[in-house]
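Structural overview
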Amino acid sequence: MRFSRRFLQKIPTETLGLSTTAAFLFLSVLLVSFLFGVWFVWAAKIFSENRNSGDGISGRLYAIECLGAVLGGLLTSIFFIKYLDALQISMLFSLIMFAFISFSISKKYLIFFVLSVALLYMSVPIKNLSTKCQWWPFNVVESKDSPYGKVTVLKNEDGCDFYGNSNKIYSTILQPKTEEIVHIPMLLASNCKSVLLIGNSGNNVSEILKHPVEKIIYIEPDYVFFDFLYRYSDDKTKCLFRNTKVKVLLTDGRFYVKNTKEKFDCVILDVPPPVTGLANRYFTNEFFHGVKNILSEKGVLVFSLPASENYMSDELKLISASIFKTVNNVFSYCYIISASYNYFI
């Protein structure tokens, strides 16, 4: 699928149309489903020929397949996903499967075991090649899977850009939004001493420290992103995270808000817009109630949504109105400041 962009996109950053995406996904799923179907029939034939299992082999194989899917899912989600990428996990399970078939049923399948070992050994170069093809002609510094998606770092003349699942999530270059989302609430908050920052990172921390704060809690759930951020940022940004006023917590922002006993004068929610299930968790009635509980008496919450200077689509109108009503159900006051984004305060 990563190689497909090279042929389907006219320019590297082009967003594919709905029909093209749907057609390609259908063909991809069709191919994978066909291969799995062939493999199941082949496995049933192997076991029936070597174990003399009779007519009940299909039912037992279905039971084994379900058990394997459950165990494989648990091992992958709990352990493997932290240390291996998708190709390595796939080849590892293939190696285990063909090792069992080769050494317990028939040696004639040993070639598949050897092939799995070779692919597992070559998985890193294959992954790097596919990633470079995916991001061509940009300069890929490093790419790694995390429990939250695939994090990729691209190098340019001025700094580094960070992408999560092909969506830009951070840049080492200072953006106008960084100054707006930090300084507007910090100037409105009365005698702001403690700040909770959820999302983004280095640039926001740098701007917050321009104010006389005493404590900054920075929440970042994706440890892979934070590791990349620390390694590919300049020395000035690295020093920010060593500042005694700054405390970095690698945990989920929603979980922290729900369980912390601390109070904050300002909460800055700098996360992607609620267009995915993961991001939408930060724009719910329950989350806003949690934020209200940890704000001081004159505390301020700020977050942003995409804005449009000339024309607002129906989708943008609905999402802005929905979140505005949700916030008004929780807080006594809600103001919107229009700039490069719409800032809800």
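Because the structure is a prediction, the values reported are computed rather than measured. (Residues numbered from 1 in each chain as written. Predicted model: local features only at pLDDT ≥ 70, side-chain atom pairs only at ≥ 80, totals over all residues. Heavy atoms only, no water.)

Residues Leu67, Val70, Leu71, Leu74, Ile78, Phe79 and Tyr83 make up a contiguous nonpolar surface patch of roughly 740 Å² in combined accessible area. Mapped onto the fold, Leu74 is located in helix 3 (residues 57-83). (Patch = residues over 30% accessible without salt bridge, like charges linked within 9 Å, V, L, I, M, F, W, Y side chains within 5 Å. Areas by Shrake-Rupley, 256 points an atom, 1.4 Å probe, with all protein chains shown as cover. Salt bridge = Lys/Arg side-chain N within 4 Å of Asp/Glu carboxyl O. Helix = DSSP H or I, 4+ residues; strand = E, 2+ residues; numbered from the N terminus.)

Bringing the nonpolar core into the picture now. Counting 31 residues, the largest nonpolar core has Phe162, Met186, Val195, Ile208, Phe225, Leu229 and Ile268 as the members making the most contacts within it. Among the elements that line this core, the one with the most residues is helix 9 (residues 223-232), at five residues. Leu229 has contacts with Phe162, Tyr170, Ser201, Gly202 and Phe241, leaving out every residue within four places of it along the chain. Among the nonpolar cores identified, the runner-up in size contains 26 residues, and Tyr256, Phe288, Leu305 and Ile323 belong to it. (Core = buried A, V, L, I, M, F, W, Y, C linked by side-chain atoms within 4.5 Å. Buried < 20%, exposed > 50% of the residue type's maximum accessible area, 1.4 Å probe, protein only. Contact = heavy atoms within 4.5 Å.)

Here we come to the pairing of strand 9 (residues 295-306). A regular strand carries its side chains on alternate faces of the sheet. In the sheet, strand 8 (residues 264-269) pairs with strand 9 via five bridges, with the strands oriented parallel. What sits directly across from Cys266, in strand 9, is Val300. Where strand 9 lies against strand 11 (residues 341-344), four bridges are found, and the strand directions are antiparallel. Within the sheet, the bridge partner assigned to Leu305 lies in strand 11 and is Asn342. (Pairing = 2+ DSSP bridges.)

In this structure, Asn203 sits in helix 8 (residues 202-208). Ignoring any residue separated from it by four or fewer positions in sequence, one finds Asn203 in contact with Tyr170, Ser171, Thr172, Ile173, Leu174 and Thr178.

Glancing now at helix 13 (residues 285-294). Residues of helix 13 that are buried include every one of Phe287, Phe288, Gly290, Val291 and Ile294, and no others. One face of helix 13 carries all of its buried residues, which in axial projection span an arc of 155°. In helix 13, the exposed positions angled more than 90 degrees off the buried face are occupied by Glu286 and Asn293. In this structure, the buried side of helix 13 is in contact with strand 5 (194-198), helix 11 (253-259), strand 8, strand 9 and helix 14 (314-328). (Arc of directions from axis to C-beta.)

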